[in-house]
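Structural features, examined
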Amino acid sequence: METIYDILKAEHRQVSDLIQQAMRDGSKETFYKVKAKTDPHLQGEEKLFYPLLKEKEDLGELVNHAYEEHNEIKSISSELENMDPGSSDWTSKIKELDQTVSHHVDEEENKVFPAAQKVLSEDKAQQIAQQYLDFEKSFKQQHPMP
Ligand SMILES: [Fe+2]
Ligand SMILES: [Fe+2]
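This text gives an overview of the structure that appears in the document. Quick caveat, the model's predicted, so the values are computed rather than measured.

How each quantity is defined
The written sequence of each chain sets the order in which its residues are numbered from 1. Chain letters and ligand numbers both follow the written order, the letters beginning at A and the numbers at 1. For a predicted model such as this one, the threshold for reporting local features is a pLDDT of at least 70, and the threshold for listing and counting side-chain atom pairs is 80 or more; totals across whole chains, interfaces and linings nevertheless cover every residue. As a convention, hydrogens and water are excluded, and side-chain values are obtained from all of the structure's heavy atoms. For Na, K and Ca the donor cut-off is 3.2 Å; for every other metal, N, O and S atoms count as donors within 2.8 Å. Water does not enter the count, which can leave sites looking incomplete. Just to be clear on the cut-offs, tetrahedral is four donors with all angles between 85 and 135 degrees, square planar is four donors and octahedral six with opposite donors over 155 degrees apart and all others between 65 and 115, and anything else goes down as irregular. Comment: elements are numbered from the N terminus, with helices defined as DSSP H or I runs of at least four residues and strands as E runs of at least two. A 1.4 Å probe rolled over the protein chains alone gives each residue an accessible area, and that area as a share of the maximum for its type sets the label: buried under 20%, exposed over 50%, partly exposed in between. To count toward a patch, a residue needs a relative accessible area over 30% and no salt bridge; like charges are then connected within 9 Å, while nonpolar side chains (Val, Leu, Ile, Met, Phe, Trp, Tyr) are connected within 5 Å. Here the open area of atoms and residues is found with the Shrake-Rupley method and a 1.4 Å probe, where only the protein chains shown may cover a residue. Salt bridges are counted wherever a side-chain nitrogen of Lys or Arg sits within 4 Å of a carboxyl oxygen of Asp or Glu. In this tally, Asp and Glu contribute negative charge and Lys and Arg positive charge; neither His nor the terminal groups of the chain are included. Note on charges: their place is set at NZ of Lys, CZ of Arg, CG of Asp or CD of Glu. Residue count minus one, scaled by 1.5 Å, sets the expected span of a helix. The contact criterion used throughout is that any non-hydrogen atoms of two residues lie within 4.5 Å.

Let us look at the coordination of the iron ion (ligand 1). Protein coordination of the iron ion (ligand 1) is provided by His-12 (NE2), His-41 (NE2), Glu-45 (OE) and Glu-108 (OE), with donor distances spanning 2.1 to 2.2 Å. Classification of the site at the iron ion (ligand 1) as irregular follows from its four donor atoms and the range of 80 to 173 degrees in their angles at the metal. Considered as a linear motif, the donors of the iron ion (ligand 1) on their single chain read H-x28-H-x3-E-x62-E. Metal-to-metal, the separation of the iron ion (ligand 1) and the iron ion (ligand 2) is 3.2 Å; Glu-45 coordinates the two. Residue His-12 is located in helix 1 (residues 4-25), and its partner His-41 is located in helix 2 (residues 28-54); the two are separated by 29 residues in the primary sequence. Look at His-12 and you get buried, because its relative accessible area is 3%.

In structure tokens, the structure reads:
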């Protein structure tokens, strides 16, 4: 059975592919595809995954840092939402999104997930996976993209 790490990692690849595509085509439509993948991912992690780690004393700092990076990603994304695609500001902002997301993904996959695997059982990791997929489904219904 799939664990939460399998799902999050697969989504990281999808988000990064979409950002590469958005940098190539410079379209708002592709940006909204990025946003449609990223928003539920960030919310799902914050609602179902990180709270379990925050309970563990020595992971508090790692969790707080991840939340800061999430906030940075959300703020760049909302700036892009209000920008005209094709402008030079747009191009540099989407590059900033790419770098910020890549950095965060790197930290999750190389620091957060290995630390989580030490404190959460395999059963728990499978259980959160199911909860995460359910959450994502209802999130997408409640937040349709333009
Ligand atoms: Fe993630
Ligand atoms: Fe994250």
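With that settled, the discussion passes to a negative patch on the surface. Among the surface-exposed residues, Glu-2, Asp-6, Glu-122 and Asp-123 lie close enough to one another that they form a single negatively charged patch. Note that Asp-123 resides in helix 5 (residues 122-142). Accessibility expressed as a relative area gives 58% for Asp-123, which makes it exposed.

Right, let's talk about helix 3 (residues 60-81) for a bit. Between its terminal C-alpha atoms helix 3 stretches 32 Å, which fits the 32 Å expected from 22 residues at 1.5 Å a residue. Residues Gly-60, Val-63, Ala-66, Glu-69, His-70, Ile-73, Ile-76, Ser-77 and Leu-80 constitute the buried set of helix 3. As for helix 3, its buried residues are in contact with helix 2 and helix 4 (88-119).

Read these as layout, nothing more, since geometry by itself doesn't imply function.
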